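Take a look at the letters that make up each chain.
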Amino acid sequence: MIPVEQAETIILGLVHPFDADRDSEVLELLDASNRVLASTVTSALDFPHWDNSAMDGYAVRYVDVQACSAESPVRLEVVETIPAGYKPQHTIEAGQAARILTGSVMPQGADTIVIQEDTQRTGDVVTVLAAPKPQAFVRRQAAFYQAGAPLLPAGLRLQAPEMAVLAAAQCAQVTVYRRPRVAILSTGDELVSINQPLQPGEIVDSNQYALASLVAQAGAMPLRLGVVRDDPEALKAAIASAIDQADIVLSSGGVSVGDYDYVEDILTALGGNIHIRAVAVKPGKPLTVATFGGEAAEGRSQLNAQTLPISYSPLSTPHSPKLYFGLPGNPVSALVTFWRFVEPALRKLSGLPEAAWKPTFVRAKTQVDLRSDGKRESYLWGQLHLVDGLYEFALAGGSHSSGNLINLAGTSGLAVVPMGQTHIDSGESIRVMQIGSPKG
Ligand code: AMP
Ligand code: MG
(Lines give C-alpha, C1' and ligand atoms only; values in the text may rest on other atoms or scores of the structure.)
(Ligands and ions follow the chains in the order given, each with its own letter.)
Protein backbone atom coordinates (compact mmCIF):
# COMPACT_ATOMS: atom_id res chain seq x y z
CA MET A 1 0.00 0.00 0.00
CA ILE A 2 1.63 3.24 -1.09
CA PRO A 3 0.74 6.83 -0.13
CA VAL A 4 -1.55 8.81 -2.41
CA GLU A 5 1.10 11.30 -3.54
CA GLN A 6 3.51 8.53 -4.41
CA ALA A 7 0.79 6.85 -6.49
CA GLU A 8 0.13 10.16 -8.24
CA THR A 9 3.84 10.58 -9.02
CA ILE A 10 4.13 7.03 -10.36
CA ILE A 11 1.04 7.42 -12.54
CA LEU A 12 2.07 10.77 -14.01
CA GLY A 13 5.51 9.28 -14.65
CA LEU A 14 3.95 6.53 -16.73
CA VAL A 15 2.09 8.89 -19.04
CA HIS A 16 3.75 10.17 -22.21
CA PRO A 17 1.84 13.20 -23.47
CA PHE A 18 0.47 13.06 -26.99
CA ASP A 19 2.93 13.83 -29.74
CA ALA A 20 2.17 16.98 -31.73
CA ASP A 21 2.77 15.26 -35.09
CA ARG A 22 1.57 11.74 -34.50
CA ASP A 23 -1.41 12.37 -32.25
CA SER A 24 -2.94 15.46 -33.84
CA GLU A 25 -5.60 16.21 -36.41
CA VAL A 26 -6.76 19.24 -38.35
CA LEU A 27 -10.35 20.26 -37.61
CA GLU A 28 -12.76 22.96 -38.66
CA LEU A 29 -12.72 25.59 -35.92
CA LEU A 30 -16.17 24.83 -34.47
CA ASP A 31 -15.44 21.10 -34.41
CA ALA A 32 -12.37 21.87 -32.30
CA SER A 33 -14.38 23.24 -29.38
CA ASN A 34 -12.99 21.87 -26.07
CA ARG A 35 -9.99 20.32 -27.85
CA VAL A 36 -6.36 21.08 -26.99
CA LEU A 37 -4.17 22.99 -29.46
CA ALA A 38 -1.33 20.79 -30.72
CA SER A 39 0.75 23.62 -32.15
CA THR A 40 1.22 27.28 -31.48
CA VAL A 41 -1.04 29.43 -33.61
CA THR A 42 0.32 32.57 -35.24
CA SER A 43 -1.61 35.01 -37.36
CA ALA A 44 -0.64 37.08 -40.39
CA LEU A 45 -3.04 39.79 -39.20
CA ASP A 46 -2.23 42.62 -36.83
CA PHE A 47 -4.73 43.37 -34.04
CA PRO A 48 -6.16 45.97 -34.46
CA HIS A 49 -5.87 45.45 -38.21
CA TRP A 50 -5.58 49.23 -38.71
CA ASP A 51 -5.53 52.43 -36.68
CA ASN A 52 -9.10 53.01 -35.55
CA SER A 53 -11.22 55.07 -33.24
CA ALA A 54 -12.11 53.90 -29.73
CA MET A 55 -15.00 56.39 -29.50
CA ASP A 56 -17.75 58.08 -31.48
CA GLY A 57 -16.48 61.55 -32.34
CA TYR A 58 -14.28 63.37 -34.82
CA ALA A 59 -10.92 62.41 -36.28
CA VAL A 60 -8.73 65.55 -36.24
CA ARG A 61 -5.14 66.76 -36.48
CA TYR A 62 -3.96 67.37 -32.92
CA VAL A 63 -2.15 70.58 -33.89
CA ASP A 64 -5.48 72.07 -35.00
CA VAL A 65 -7.21 71.62 -31.65
CA GLN A 66 -4.45 71.56 -29.02
CA ALA A 67 -5.18 75.07 -27.76
CA CYS A 68 -8.97 75.12 -27.95
CA SER A 69 -11.42 75.38 -25.06
CA ALA A 70 -15.08 76.32 -24.47
CA GLU A 71 -13.99 80.00 -24.45
CA SER A 72 -11.93 79.72 -27.61
CA PRO A 73 -13.44 76.88 -29.62
CA VAL A 74 -12.06 75.74 -32.98
CA ARG A 75 -14.23 75.20 -36.03
CA LEU A 76 -13.32 72.43 -38.45
CA GLU A 77 -14.80 71.43 -41.81
CA VAL A 78 -16.26 67.87 -41.74
CA VAL A 79 -15.11 66.30 -45.01
CA GLU A 80 -16.69 62.88 -44.62
CA THR A 81 -18.39 60.42 -42.29
CA ILE A 82 -16.58 57.16 -41.53
CA PRO A 83 -18.97 54.49 -40.31
CA ALA A 84 -17.96 50.90 -39.42
CA GLY A 85 -16.72 48.91 -42.39
CA TYR A 86 -15.99 51.99 -44.50
CA LYS A 87 -12.64 52.87 -46.07
CA PRO A 88 -11.89 56.61 -45.64
CA GLN A 89 -11.71 58.49 -48.94
CA HIS A 90 -10.15 61.77 -47.78
CA THR A 91 -6.91 62.87 -46.22
CA ILE A 92 -7.56 65.26 -43.35
CA GLU A 93 -5.87 68.57 -44.12
CA ALA A 94 -5.36 71.57 -41.82
CA GLY A 95 -8.74 72.85 -40.57
CA GLN A 96 -10.55 69.62 -41.45
CA ALA A 97 -12.09 66.72 -39.53
CA ALA A 98 -14.00 63.51 -40.26
CA ARG A 99 -17.02 62.28 -38.39
CA ILE A 100 -15.97 58.84 -37.09
CA LEU A 101 -17.72 56.03 -35.25
CA THR A 102 -16.29 53.52 -32.77
CA GLY A 103 -14.06 50.92 -34.43
CA SER A 104 -13.90 52.77 -37.73
CA VAL A 105 -10.67 53.30 -39.64
CA MET A 106 -8.68 56.48 -38.92
CA PRO A 107 -8.39 58.65 -42.03
CA GLN A 108 -4.98 59.69 -43.36
CA GLY A 109 -3.75 62.96 -41.85
CA ALA A 110 -5.72 62.63 -38.60
CA ASP A 111 -3.96 61.51 -35.42
CA THR A 112 -6.43 62.22 -32.59
CA ILE A 113 -10.09 61.67 -31.75
CA VAL A 114 -12.23 64.38 -30.19
CA ILE A 115 -15.16 62.67 -28.46
CA GLN A 116 -18.51 63.87 -29.64
CA GLU A 117 -19.43 65.09 -26.12
CA ASP A 118 -16.76 67.81 -26.58
CA THR A 119 -18.21 69.06 -29.89
CA GLN A 120 -21.15 70.82 -31.48
CA ARG A 121 -22.16 70.09 -35.03
CA THR A 122 -23.81 72.47 -37.47
CA GLY A 123 -24.07 71.28 -41.03
CA ASP A 124 -20.59 70.57 -42.38
CA VAL A 125 -18.87 72.33 -39.48
CA VAL A 126 -17.91 70.86 -36.15
CA THR A 127 -17.00 73.09 -33.24
CA VAL A 128 -14.45 71.60 -30.85
CA LEU A 129 -14.99 72.84 -27.29
CA ALA A 130 -12.17 71.09 -25.42
CA ALA A 131 -8.58 70.20 -26.27
CA PRO A 132 -8.00 66.44 -26.43
CA LYS A 133 -4.78 64.74 -25.38
CA PRO A 134 -2.43 63.97 -28.28
CA GLN A 135 -3.49 60.72 -30.03
CA ALA A 136 -6.52 60.44 -27.71
CA PHE A 137 -8.82 57.46 -28.34
CA VAL A 138 -6.82 56.13 -31.28
CA ARG A 139 -6.29 52.38 -31.19
CA ARG A 140 -3.03 51.83 -33.01
CA GLN A 141 -2.62 49.06 -35.54
CA ALA A 142 -0.89 46.04 -33.91
CA ALA A 143 -1.19 47.55 -30.40
CA PHE A 144 -2.85 44.35 -29.13
CA TYR A 145 -1.03 41.78 -31.24
CA GLN A 146 1.65 41.95 -33.90
CA ALA A 147 1.38 39.66 -36.94
CA GLY A 148 3.75 36.70 -36.72
CA ALA A 149 4.03 36.61 -32.92
CA PRO A 150 2.61 33.60 -31.06
CA LEU A 151 -1.15 34.17 -30.79
CA LEU A 152 -2.21 31.08 -28.80
CA PRO A 153 0.20 28.50 -27.34
CA ALA A 154 0.12 24.74 -27.87
CA GLY A 155 -1.54 23.00 -24.95
CA LEU A 156 -4.39 25.46 -24.63
CA ARG A 157 -7.91 24.04 -24.43
CA LEU A 158 -10.21 25.78 -26.88
CA GLN A 159 -13.12 27.35 -25.03
CA ALA A 160 -15.30 30.26 -26.08
CA PRO A 161 -12.66 33.00 -25.61
CA GLU A 162 -10.08 31.07 -27.68
CA MET A 163 -12.75 30.41 -30.33
CA ALA A 164 -13.31 34.15 -30.58
CA VAL A 165 -9.58 34.84 -30.95
CA LEU A 166 -9.09 32.16 -33.60
CA ALA A 167 -12.17 33.22 -35.55
CA ALA A 168 -11.06 36.85 -35.49
CA ALA A 169 -7.66 35.72 -36.79
CA GLN A 170 -9.44 33.83 -39.61
CA CYS A 171 -8.08 30.46 -38.46
CA ALA A 172 -10.80 28.41 -40.12
CA GLN A 173 -8.96 25.20 -39.32
CA VAL A 174 -6.83 24.33 -36.33
CA THR A 175 -4.42 21.54 -35.42
CA VAL A 176 -5.50 19.89 -32.20
CA TYR A 177 -4.57 16.72 -30.33
CA ARG A 178 -6.84 13.78 -30.97
CA ARG A 179 -9.14 12.80 -28.15
CA PRO A 180 -7.69 10.06 -25.92
CA ARG A 181 -9.58 6.79 -26.34
CA VAL A 182 -10.62 5.39 -22.99
CA ALA A 183 -12.08 1.88 -22.84
CA ILE A 184 -14.46 1.17 -19.98
CA LEU A 185 -15.06 -2.39 -18.77
CA SER A 186 -17.25 -3.44 -15.87
CA THR A 187 -16.48 -6.78 -14.28
CA GLY A 188 -18.79 -8.84 -12.13
CA ASP A 189 -21.35 -11.65 -12.36
CA GLU A 190 -23.83 -9.57 -10.38
CA LEU A 191 -23.94 -6.70 -12.88
CA VAL A 192 -26.87 -6.07 -15.18
CA SER A 193 -27.60 -3.32 -17.68
CA ILE A 194 -29.80 -0.35 -16.93
CA ASN A 195 -32.81 -1.85 -18.74
CA GLN A 196 -32.78 -5.38 -17.33
CA PRO A 197 -35.31 -6.25 -14.58
CA LEU A 198 -33.37 -6.79 -11.36
CA GLN A 199 -33.23 -10.26 -9.83
CA PRO A 200 -32.23 -10.75 -6.18
CA GLY A 201 -28.50 -10.17 -5.76
CA GLU A 202 -28.10 -8.23 -8.99
CA ILE A 203 -26.73 -4.71 -9.24
CA VAL A 204 -27.01 -2.22 -12.08
CA ASP A 205 -23.71 -1.43 -13.79
CA SER A 206 -23.73 2.21 -12.71
CA ASN A 207 -19.95 2.54 -13.03
CA GLN A 208 -20.26 2.33 -16.82
CA TYR A 209 -22.36 5.50 -16.74
CA ALA A 210 -20.31 7.36 -14.18
CA LEU A 211 -17.01 6.60 -15.89
CA ALA A 212 -18.27 7.27 -19.43
CA SER A 213 -19.51 10.63 -18.28
CA LEU A 214 -16.25 11.48 -16.49
CA VAL A 215 -14.22 10.46 -19.54
CA ALA A 216 -16.34 12.57 -21.88
CA GLN A 217 -16.17 15.55 -19.53
CA ALA A 218 -12.39 15.27 -19.54
CA GLY A 219 -12.50 15.73 -23.33
CA ALA A 220 -11.69 12.08 -24.07
CA MET A 221 -13.63 9.49 -26.04
CA PRO A 222 -15.29 6.76 -23.95
CA LEU A 223 -15.38 3.30 -25.53
CA ARG A 224 -18.08 1.52 -23.56
CA LEU A 225 -17.22 -2.14 -23.67
CA GLY A 226 -19.96 -3.32 -21.32
CA VAL A 227 -20.03 -5.98 -18.64
CA VAL A 228 -17.62 -8.90 -18.48
CA ARG A 229 -18.38 -11.93 -16.34
CA ASP A 230 -16.05 -13.04 -13.54
CA ASP A 231 -14.60 -15.67 -15.85
CA PRO A 232 -10.84 -15.64 -16.40
CA GLU A 233 -10.95 -16.43 -20.11
CA ALA A 234 -13.72 -13.92 -20.88
CA LEU A 235 -11.91 -11.29 -18.84
CA LYS A 236 -8.61 -11.97 -20.52
CA ALA A 237 -10.09 -11.60 -23.98
CA ALA A 238 -12.02 -8.47 -23.01
CA ILE A 239 -9.00 -6.80 -21.42
CA ALA A 240 -6.73 -7.66 -24.35
CA SER A 241 -9.26 -6.27 -26.79
CA ALA A 242 -9.68 -3.12 -24.69
CA ILE A 243 -5.92 -2.57 -24.62
CA ASP A 244 -5.82 -2.87 -28.39
CA GLN A 245 -8.50 -0.26 -28.95
CA ALA A 246 -7.67 2.36 -26.37
CA ASP A 247 -4.96 4.62 -24.98
CA ILE A 248 -6.25 4.06 -21.46
CA VAL A 249 -8.30 1.14 -20.16
CA LEU A 250 -10.51 1.46 -17.10
CA SER A 251 -11.94 -1.65 -15.56
CA SER A 252 -13.97 -1.57 -12.41
CA GLY A 253 -14.39 -4.40 -9.97
CA GLY A 254 -12.40 -7.54 -9.45
CA VAL A 255 -9.26 -5.90 -8.09
CA SER A 256 -9.66 -6.75 -4.43
CA VAL A 257 -8.63 -10.12 -3.07
CA GLY A 258 -11.98 -11.92 -3.31
CA ASP A 259 -12.30 -15.39 -4.81
CA TYR A 260 -13.52 -13.92 -8.09
CA ASP A 261 -10.94 -11.17 -8.46
CA TYR A 262 -8.74 -12.22 -11.37
CA VAL A 263 -7.74 -8.95 -12.92
CA GLU A 264 -4.19 -8.77 -11.63
CA ASP A 265 -3.31 -12.30 -12.76
CA ILE A 266 -4.72 -11.61 -16.18
CA LEU A 267 -2.76 -8.39 -16.56
CA THR A 268 0.42 -10.25 -15.80
CA ALA A 269 -0.51 -13.07 -18.20
CA LEU A 270 -1.11 -10.50 -20.94
CA GLY A 271 2.38 -9.10 -20.51
CA GLY A 272 1.45 -6.06 -18.48
CA ASN A 273 3.81 -4.37 -16.05
CA ILE A 274 2.08 -3.80 -12.74
CA HIS A 275 3.16 -0.56 -11.08
CA ILE A 276 0.57 -0.14 -8.32
CA ARG A 277 -1.49 -2.73 -6.45
CA ALA A 278 -2.94 -0.78 -3.56
CA VAL A 279 -3.00 2.84 -2.45
CA ALA A 280 -3.47 4.16 1.07
CA VAL A 281 -6.65 5.97 0.12
CA LYS A 282 -10.18 5.64 1.41
CA PRO A 283 -12.28 4.90 -0.51
CA GLY A 284 -10.29 3.22 -3.27
CA LYS A 285 -7.53 1.13 -1.70
CA PRO A 286 -7.49 -1.75 -4.22
CA LEU A 287 -6.31 0.30 -7.20
CA THR A 288 -4.27 -1.49 -9.83
CA VAL A 289 -2.16 0.41 -12.34
CA ALA A 290 -0.36 -1.36 -15.17
CA THR A 291 1.24 -0.51 -18.49
CA PHE A 292 1.30 -2.39 -21.75
CA GLY A 293 3.78 -1.84 -24.54
CA GLY A 294 6.01 1.19 -24.59
CA GLU A 295 9.49 0.96 -23.19
CA ALA A 296 8.37 -1.08 -20.22
CA ALA A 297 6.87 -4.26 -21.61
CA GLU A 298 7.57 -6.53 -24.54
CA GLY A 299 5.91 -9.44 -26.25
CA ARG A 300 2.36 -8.27 -25.87
CA SER A 301 1.46 -8.09 -29.53
CA GLN A 302 2.66 -11.64 -29.94
CA LEU A 303 0.42 -12.71 -27.08
CA ASN A 304 -2.54 -10.91 -28.60
CA ALA A 305 -1.99 -12.60 -31.90
CA GLN A 306 -2.44 -15.90 -30.12
CA THR A 307 -5.42 -15.01 -28.00
CA LEU A 308 -7.41 -12.67 -30.18
CA PRO A 309 -8.90 -12.64 -33.65
CA ILE A 310 -8.26 -8.89 -33.72
CA SER A 311 -4.91 -7.91 -35.15
CA TYR A 312 -2.80 -5.56 -33.11
CA SER A 313 -2.88 -2.08 -34.56
CA PRO A 314 -0.61 0.24 -32.68
CA LEU A 315 -2.24 3.55 -31.86
CA SER A 316 1.04 4.96 -30.69
CA THR A 317 4.73 4.24 -30.95
CA PRO A 318 6.56 1.91 -28.55
CA HIS A 319 7.42 4.97 -26.48
CA SER A 320 3.82 5.45 -25.38
CA PRO A 321 2.62 2.59 -23.21
CA LYS A 322 -1.07 1.90 -22.85
CA LEU A 323 -2.21 2.63 -19.34
CA TYR A 324 -4.47 0.25 -17.47
CA PHE A 325 -6.40 1.29 -14.36
CA GLY A 326 -8.12 -1.46 -12.42
CA LEU A 327 -10.50 0.61 -10.33
CA PRO A 328 -12.33 -0.75 -7.31
CA GLY A 329 -15.86 -1.90 -8.08
CA ASN A 330 -17.91 -0.01 -5.62
CA PRO A 331 -19.23 3.13 -7.21
CA VAL A 332 -17.89 5.62 -4.70
CA SER A 333 -14.41 4.14 -4.89
CA ALA A 334 -14.51 4.09 -8.68
CA LEU A 335 -15.43 7.77 -8.79
CA VAL A 336 -12.92 8.89 -6.17
CA THR A 337 -10.06 6.98 -7.77
CA PHE A 338 -10.99 8.38 -11.17
CA TRP A 339 -10.98 11.95 -9.87
CA ARG A 340 -7.78 11.50 -7.87
CA PHE A 341 -5.68 9.32 -10.23
CA VAL A 342 -7.20 8.81 -13.70
CA GLU A 343 -8.12 12.38 -14.47
CA PRO A 344 -4.58 13.75 -13.95
CA ALA A 345 -3.24 11.02 -16.27
CA LEU A 346 -5.83 11.93 -18.90
CA ARG A 347 -4.93 15.59 -18.65
CA LYS A 348 -1.25 14.88 -19.11
CA LEU A 349 -1.93 12.53 -22.04
CA SER A 350 -4.20 15.15 -23.66
CA GLY A 351 -1.33 17.60 -24.14
CA LEU A 352 -2.33 20.08 -21.43
CA PRO A 353 0.48 21.98 -19.69
CA GLU A 354 1.92 20.58 -16.46
CA ALA A 355 0.17 23.17 -14.30
CA ALA A 356 -3.16 21.63 -15.32
CA TRP A 357 -2.38 17.99 -14.56
CA LYS A 358 -2.99 17.71 -10.85
CA PRO A 359 -6.33 18.23 -9.12
CA THR A 360 -7.12 21.61 -7.62
CA PHE A 361 -7.10 21.72 -3.82
CA VAL A 362 -8.54 24.66 -1.95
CA ARG A 363 -8.55 25.54 1.74
CA ALA A 364 -11.98 25.48 3.31
CA LYS A 365 -13.57 25.61 6.73
CA THR A 366 -15.40 22.41 7.55
CA GLN A 367 -18.96 22.94 8.81
CA VAL A 368 -19.02 19.63 10.70
CA ASP A 369 -16.57 17.29 12.47
CA LEU A 370 -14.81 14.94 10.05
CA ARG A 371 -13.82 11.40 11.01
CA SER A 372 -11.41 8.85 9.59
CA ASP A 373 -9.75 5.66 10.82
CA GLY A 374 -6.38 7.34 10.30
CA LYS A 375 -4.97 4.37 8.41
CA ARG A 376 -5.37 5.85 4.97
CA GLU A 377 -5.79 9.31 3.40
CA SER A 378 -9.57 9.73 3.47
CA TYR A 379 -11.66 11.57 0.94
CA LEU A 380 -15.07 12.59 2.25
CA TRP A 381 -17.58 13.80 -0.27
CA GLY A 382 -19.73 16.88 0.04
CA GLN A 383 -20.25 20.39 -1.25
CA LEU A 384 -17.97 23.40 -1.41
CA HIS A 385 -19.74 26.69 -0.77
CA LEU A 386 -18.39 30.21 -0.93
CA VAL A 387 -19.49 32.06 2.21
CA ASP A 388 -18.40 35.73 2.35
CA GLY A 389 -15.61 34.96 -0.11
CA LEU A 390 -14.23 31.97 1.85
CA TYR A 391 -14.82 28.30 1.08
CA GLU A 392 -16.81 26.18 3.47
CA PHE A 393 -17.17 22.42 3.21
CA ALA A 394 -20.53 20.77 3.87
CA LEU A 395 -20.23 17.02 4.31
CA ALA A 396 -22.85 15.10 2.32
CA GLY A 397 -25.63 13.90 4.62
CA GLY A 398 -26.32 10.19 5.00
CA SER A 399 -23.97 7.24 5.13
CA HIS A 400 -20.33 7.58 4.11
CA SER A 401 -19.96 3.86 3.72
CA SER A 402 -18.28 3.12 0.41
CA GLY A 403 -21.28 0.89 -0.37
CA ASN A 404 -23.57 3.93 -0.49
CA LEU A 405 -23.70 5.99 -3.64
CA ILE A 406 -26.96 7.86 -3.18
CA ASN A 407 -25.48 10.82 -1.28
CA LEU A 408 -22.78 11.30 -3.94
CA ALA A 409 -25.21 13.37 -6.00
CA GLY A 410 -24.21 17.03 -6.01
CA THR A 411 -20.61 16.39 -4.94
CA SER A 412 -18.44 19.43 -5.60
CA GLY A 413 -15.59 18.70 -3.22
CA LEU A 414 -13.72 15.90 -1.49
CA ALA A 415 -12.45 16.83 1.97
CA VAL A 416 -9.07 15.29 2.70
CA VAL A 417 -8.34 13.80 6.12
CA PRO A 418 -4.59 13.07 6.05
CA MET A 419 -3.21 9.68 6.98
CA GLY A 420 -2.59 9.42 10.72
CA GLN A 421 -5.36 11.84 11.59
CA THR A 422 -8.62 10.48 12.98
CA HIS A 423 -10.72 13.59 13.34
CA ILE A 424 -10.95 17.22 12.35
CA ASP A 425 -13.19 19.50 14.38
CA SER A 426 -15.85 21.63 12.79
CA GLY A 427 -14.59 25.13 12.04
CA GLU A 428 -11.06 23.93 11.27
CA SER A 429 -9.32 24.68 8.00
CA ILE A 430 -9.04 21.65 5.72
CA ARG A 431 -7.87 20.76 2.21
CA VAL A 432 -10.67 20.09 -0.25
CA MET A 433 -10.22 18.70 -3.73
CA GLN A 434 -12.46 20.54 -6.15
CA ILE A 435 -14.70 18.40 -8.30
CA GLY A 436 -16.28 19.37 -11.56
CA SER A 437 -14.55 22.65 -12.28
CA PRO A 438 -12.90 22.30 -15.67
CA LYS A 439 -9.11 22.62 -15.68
CA GLY A 440 -6.75 23.44 -18.48
P1 AMP B 1 -15.53 -5.81 -6.48
O2 AMP B 1 -14.44 -4.80 -6.49
O3 AMP B 1 -15.70 -6.52 -7.78
O4 AMP B 1 -15.41 -6.74 -5.32
O5 AMP B 1 -16.87 -4.98 -6.26
C6 AMP B 1 -17.10 -4.25 -5.08
C7 AMP B 1 -18.55 -3.82 -4.98
O8 AMP B 1 -18.86 -2.92 -6.03
C9 AMP B 1 -19.56 -4.93 -5.11
O10 AMP B 1 -20.63 -4.68 -4.21
C11 AMP B 1 -20.04 -4.83 -6.51
O12 AMP B 1 -21.33 -5.34 -6.69
C13 AMP B 1 -19.99 -3.36 -6.78
N14 AMP B 1 -19.74 -3.11 -8.19
C15 AMP B 1 -18.76 -3.69 -8.93
N16 AMP B 1 -18.79 -3.26 -10.20
C17 AMP B 1 -19.81 -2.37 -10.28
C18 AMP B 1 -20.36 -1.60 -11.33
N19 AMP B 1 -19.85 -1.65 -12.56
N20 AMP B 1 -21.41 -0.79 -11.05
C21 AMP B 1 -21.91 -0.75 -9.81
N22 AMP B 1 -21.46 -1.46 -8.77
C23 AMP B 1 -20.42 -2.28 -8.99
MG1 MG C 1 -16.62 -8.07 -8.52
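Attention here is on the structure that accompanies the text. (Residues numbered from 1 in each chain as written. Chains lettered and ligands numbered in written order. Predicted model: local features only at pLDDT ≥ 70, side-chain atom pairs only at ≥ 80, totals over all residues. Heavy atoms only, no water.)

1. Concerning the pairing of strand β9 (residues 125-128)
Phase 1 of the analysis: With 4 bridges connecting them, strand β5 (residues 74-82) and β9 associate as antiparallel partners. Within the sheet, the bridge partner assigned to Arg75 lies in β9 and is Thr127.
Phase 2 of the analysis: With 4 bridges connecting them, strand β8 (residues 119-122) and β9 associate as antiparallel partners. The residue of β9 that forms the bridge with Arg121 is Val126.
Phase 3 of the analysis: Where β8 hands over to β9, the hairpin turn is made up of 2 residues, of which Gly123 adopts a positive phi near 60°. (Pairing = 2+ DSSP bridges. Helix = DSSP H or I, 4+ residues; strand = E, 2+ residues; numbered from the N terminus.)

2. Regarding unusual backbone geometry
Phase 1 of the analysis: A cis amide bond links Phe47 to the next residue, Pro48, at an omega of -10°.
Phase 2 of the analysis: Position of Pro48 relative to the elements: it lies in the loop between β2 (41-42) and β3 (52-53).
Phase 3 of the analysis: The step from Lys282 to Pro283 runs through a cis peptide bond, and the omega angle for that step is -5°.
Phase 4 of the analysis: Locating Pro283 in the fold gives a position in the loop between β19 (281-282) and β20 (288-292).
Phase 5 of the analysis: A positive phi angle, near 55°, is found at Phe137, a position not held by glycine.
Phase 6 of the analysis: Note on placement: Phe137 falls in the loop between β9 and β10 (138-139).

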